[in-house]
Amino acid sequence: MARRRQLYEGKAKILFEGPEPGTLVQYFKDDATAGNGAKKGIITGKGVLNNRISEHLMMRLHDIGIPTHFIRRLNMREQLIREVEIIPLEVVVRNVAAGSLAKRLGIPEGTRLPRTIIEYYYKNDSLNDPMVSEEHITAFDWASVHDLDDMVALTMRTNDFLTGLFVGIGITLVDFKLEFGRLWEGDEMRIVLADEISPDNCRLWDAKTSEKLDKDRFRRDLGRVEEAYQEVAWRLGILPEATNSDMKGPEVMQ
Ligand SMILES: Nc1ncnc2c1ncn2[C@@H]1O[C@H](COP(=O)(O)OP(=O)(O)OP(=O)(O)O)[C@@H](O)[C@H]1O
Ligand SMILES: [Mg+2]
């Protein structure tokens, strides 16, 4: 088969034309960036792990009725997805204070928030993805009030489900970022979950030790980045064994 046409190369993934109209192939790279590209590196094996982790989480979300762009995994680094019209927002969900929220508001990292907080960032690299409010989003027509309602409902359901799923494997879902897109079926439009869900865009802490099992290991030069991603995959049950990893596994919970 002729090599597929490349449509877009981002910081972590490449999008290729899919085999059928309305589909794309999402290729997961090992490239890692932080601070909007200010820091660059390679995490060997990350693409393979994120492809598997995102496949697993998107399938589990599909099982509970959350519409996603995911169709199927094609190979180690590629998955077939539905092409959507990406809503230019990063929807960040926070359960525990960390990262920019902890810094901006002076709340110690690790403080459980009184309730889940959703934040929006305008996807625009040249502006450094600025935080925006619902007012900006609807005024500039990045999403309608109705789109936003759908996105918030899907985001809260996703958070509830993933929080529970991770609790079950001894991991605290501290925060994460989602992207949504519009999927047209004739005249009907649905908002669906797009992009990826992986340790690149989730903060995942070991529930007992608070050890970081996500991209903060790369951002903060903590080392053992690949091992952390492997640990997450292994606990999710999608790696036969913790290859190359001597991180502590989950303990059976009574
Ligand atoms: N189903 C989809 N249809 C169309 N585009 C998608 C879909 N899922 C994800 N995307 C887009 O594909 C790109 C994935 O590449 P990557 O994550 O590497 O981008 P990025 O460097 O983070 O840049 P960006 O700021 O555009 O997100 C993103 O722009 C994302 O919004
Ligand atoms: Mg991205």
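On a predicted model such as this, the values are computed, not experimentally measured, just so you know. (Residues numbered from 1 in each chain as written. Chains lettered and ligands numbered in written order. Predicted model: local features only at pLDDT ≥ 70, side-chain atom pairs only at ≥ 80, totals over all residues. Heavy atoms only, no water.)

**With respect to the domain arrangement of the protein**
Part 1: Under the domain assignment used here, the protein contains domain 1 (4–84 + 225–238) and domain 2 (85–206).
Part 2: The C-alpha centroid of domain 2 is placed 17 Å from the C-alpha centroid of domain 1.
Part 3: Counting from both sides, the interface comprises 27 residues of domain 1 and, opposite them, 30 residues of domain 2.
Part 4: In total, domain 1 and domain 2 occlude about 2500 Å² of area from one another, counting both sides; carbon and sulfur atoms represent 62% of this.
Part 5: On the domain 1 side of the interface with domain 2, the three residues burying the most area are P67, V84 and R235, jointly 26% of the side's total.
Part 6: Where K46 meets D200, a salt bridge forms, and the shortest distance between an N and an O atom there is 2.7 Å.
Part 7: Along the contact surface separating domain 1 from domain 2 lie 19 residue pairs in polar contact (both at pLDDT 80 or more). (Domains from an automatic or database assignment. Contact = heavy atoms within 4.5 Å. Buried area = accessible area lost by both parts, 1.4 Å probe. Salt bridge = Lys/Arg side-chain N within 4 Å of Asp/Glu carboxyl O. Polar contact = N/O pair within 3.5 Å; in protein donor to acceptor, adjacent residues only side chain to side chain.)

**Considerations on the environment of E17**
Part 1: Tracing the sequence through the fold places E17 in strand β2 (residues 13–17).
Part 2: Sequence separation between E17 and T163 is 146 residues; the distance between their C-alpha atoms is 34 Å.
Part 3: Discounting residues that sit within four places of it in the chain, E17 has contacts with R4, R5, L7, T23, L24 and V25. (Helix = DSSP H or I, 4+ residues; strand = E, 2+ residues; numbered from the N terminus.)

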